[in-house]
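Breakdown of the fold
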Amino acid sequence: MPNFPFTHSGQKKRRLRANRLHPLLIALELMLLTLFPVMLILGCKGEPNPPPPQPETPPQLSSLKPEVGFAGRIVFHSNFDGDHELYLLTKKGIKKLTDNTWDDVCGRWSPDGQKIAFAANPSGKFEIFTMKADGSQITQITTNLKNPIGHPGHDWTPDGRAIVYTVQRKRGFIRRHWMEIIDLKTRHKQRFIPEFKQSAGIPDFSPTAPLLAFTGKRSRGWDAALFNLQTRQSHFLTEGGKSCRPHFSHDGQKLAYVSAEADGKADIWLMNPDGTGKKRLTNRNETYDYFPAWSPDDRFIVFSSVDHYGDNLSGQWALYMVEVKTGRVKLLLDTPGADLFPHWTK
């Protein structure tokens, strides 16, 4: 309807037009009175309620593929289906190895690549389990470990006959960590490297020498350390209390580890087993890089990375690969969940 000017002549025209419209208004009013009961009845039925929002369904495994090709098999855990489960990643795609209502974390290949040791908490606290590489024959190894978290670390002995794992205990505000070894046949367990008196954990055996790399407690912070299984001597490989998780290459010539000494956050570093030749491998100021594991030919390292490191490993973690020779980093896998603790075998 056009906007008439507010004048006396305009008001007169509006009165004349209203008089002409009066019979039409009466007819319209009668029509509405007739239709009102019908509209009321229809209105009582109401519109169907919209369906409640559904939670996002996890993606089909067939839709998840590695971003780059690689050789071998990588076990890792992720929570993109609601809880942490173990997955097998190959160049063809992903296979789910565990499927239950509790957390299965930190898969670790046996030296022959036939089994996986991992931590799980079906009873509330974490124990050590093993399974075959295809996810079958799950066997509980420890029964009284009762760790509150699943990632203090464990490793197979080089002969595959025993597993060394980290024990975590808390008394008040004080946390203590030490390592134990359990024989897989007899289930006999005992303290491992009791000569090291400080807190220690996250064991990693050299494939070629009687050496154990581990993470040891300083008066302030943690550092990478080495224990000689023949001489029973240990020493720290890093200083400053800002390094952890040393991991031997398959040829035993290098250690990959995590350090925050460069910029105050985690990066992947390399060094020789005697602590010399330290080199920063990932140099990405925007990310935290953790949990390195070597490729079977030692040319690459797979690791988990996140742009914001939160409590309890929260955040959008993804798997990346770095070429050891060049330091070139490539995205390997990024599911909707947190992709953590990769370990690589043939």
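1. Details of the side chain of Thr335
Note on placement: Thr335 falls in the loop between β23 (329-333) and β24 (340-345). For Thr335, the side chain forms a polar contact with the side chain of Asp339, separated by 2.6 Å. Setting aside its immediate chain neighbours within four residues, Thr335 contacts Leu64, Ser78, Phe80 and Gln316.

2. Here's the deal with the pairing of strand β20 (residues 288-294)
Among the seven residues that make up β20, six are buried, leaving the element largely enclosed by the rest of the structure. Between β20 and strand β21 (residues 300-306), which follow one another and run antiparallel, lie five residues, and Asp298 among them has a positive phi close to 65 degrees.

3. Remarks on the nonpolar core
Ile128, Leu270, Phe291, Ile301, Trp317 and Leu340 are the most contacted members of the largest nonpolar core, which totals 35 residues. Once residues within four sequence positions are removed from consideration, Ile128 is found in contact with Phe118, Ala119, Thr139, Gln140, Ile141, Thr142, Leu145, His154, Ile163 and Tyr165. In terms of nonpolar packing, the next biggest core, distinct from the first, is built from 17 residues, Tyr87, Ala293, Val302 and Leu319 among them.

4. Some thoughts on the confidence of the model for the protein chain
Within the protein chain, residue pLDDT values average 86, and 83% of them lie at 70 or more. With pLDDT under 50 throughout, residues 1-55 is counted as low confidence; its partners more than four residues away or in other chains account for four contacts.

5. Topic: the sheet that holds strand β5 (residues 115-120)
Pairing within the open sheet is antiparallel, and its four strands lie in the order β4-β5-β6-β7. Each end of this open sheet is capped by a strand with a single partner; those strands are β4 (104-109) and β7 (139-140). Looking at chain direction, strand β6 (residues 127-132) and β7 are connected through two bridges and run antiparallel. Among the inter-strand pairings, Phe129 is bridged to a residue of β7, identified as Gln140.

6. Some thoughts on the layout of surface pockets
As a volume, the largest pocket reaches approximately 1,100 Å³. Lining the largest pocket we find 39 residues, and of these Ile149, His151, Arg175, Trp222 and Tyr309 sit closest to its centre. Going through the elements one at a time, β9 (162-171), β10 (174-183), β12 (200-205), β13 (211-217), β16 (243-248), β17 (255-259) and β20 are the ones with two or more residues in the lining of the largest pocket. Taken as a whole, the second largest pocket encloses approximately 420 Å³ of empty space. Forming the boundary of the second largest pocket are 21 residues, of which Trp109, Ser110, Pro111, Pro207 and His250 lie nearest the centre. Every element with two or more residues in the lining of the second largest pocket is listed here: β4, β8 (154-156), β12, β16 and β24. Of all the elements, β24 adds the most residues to the lining of the second largest pocket, at three residues. Among the residues making up the lining of the second largest pocket, the classes are represented as 10 nonpolar, seven polar and four charged.

7. Overview of the sheet that holds strand β19 (residues 279-280)
An order of β16-β17-β18-β19 is seen for the four strands of this open sheet, with the pairing classed as antiparallel. The sheet is open, and its two edges are formed by β16 and β19, each paired on a single side. Bridging between strand β18 (residues 267-271) and β19 involves two bridges; their strand directions are antiparallel. Paired with Leu270 across the strands is Lys279, a residue of β19.

8. A short note on the environment of Phe227
On the secondary structure map, Phe227 appears in strand β14 (residues 222-228). The class of Phe227 is buried, set by a relative accessible area of 0%. For the pair Phe227 and Leu211, spaced 16 residues apart in sequence, the C-alpha separation works out to 5.8 Å. Contact partners of Phe227, with chain neighbours within four places excluded, come to Ile193, Glu195, Pro210, Leu211, Leu212, Phe214, Arg232, Gln233 and Ser234.

9. Describing the side chain of His77
If you trace the backbone, His77 turns up in strand β1 (residues 73-78). Reaching out from His77, the side chain makes a polar contact with the backbone nitrogen of Cys106 at a distance of 3.0 Å. In this structure, His77 is in contact with His84, Glu85, Leu86, Asp104, Val105, Cys106, Ala338, Asp339, Leu340 and Phe341, ignoring residues within four places of it in sequence.

Here is what the cut-offs are and how they apply
Residues numbered from 1 in each chain as written. Predicted model: local features only at pLDDT ≥ 70, side-chain atom pairs only at ≥ 80, totals over all residues. Heavy atoms only, no water. Helix = DSSP H or I, 4+ residues; strand = E, 2+ residues; numbered from the N terminus. Polar contact = N/O pair within 3.5 Å; in protein donor to acceptor, adjacent residues only side chain to side chain. Contact = heavy atoms within 4.5 Å. Buried < 20%, exposed > 50% of the residue type's maximum accessible area, 1.4 Å probe, protein only. Pairing = 2+ DSSP bridges. Core = buried A, V, L, I, M, F, W, Y, C linked by side-chain atoms within 4.5 Å. pLDDT = per-residue confidence, 0-100. 1 Å grid on protein atoms, 1.4 Å probe; cavity = no way out; pocket = protein on both sides within 12 Å on 5 of 7 lines; lining within 4 Å. Points joined across faces, edges and corners; volume = space filled by probe spheres on them. Nonpolar A, V, L, I, M, F, W, Y, C, P; charged D, E, K, R; others polar.

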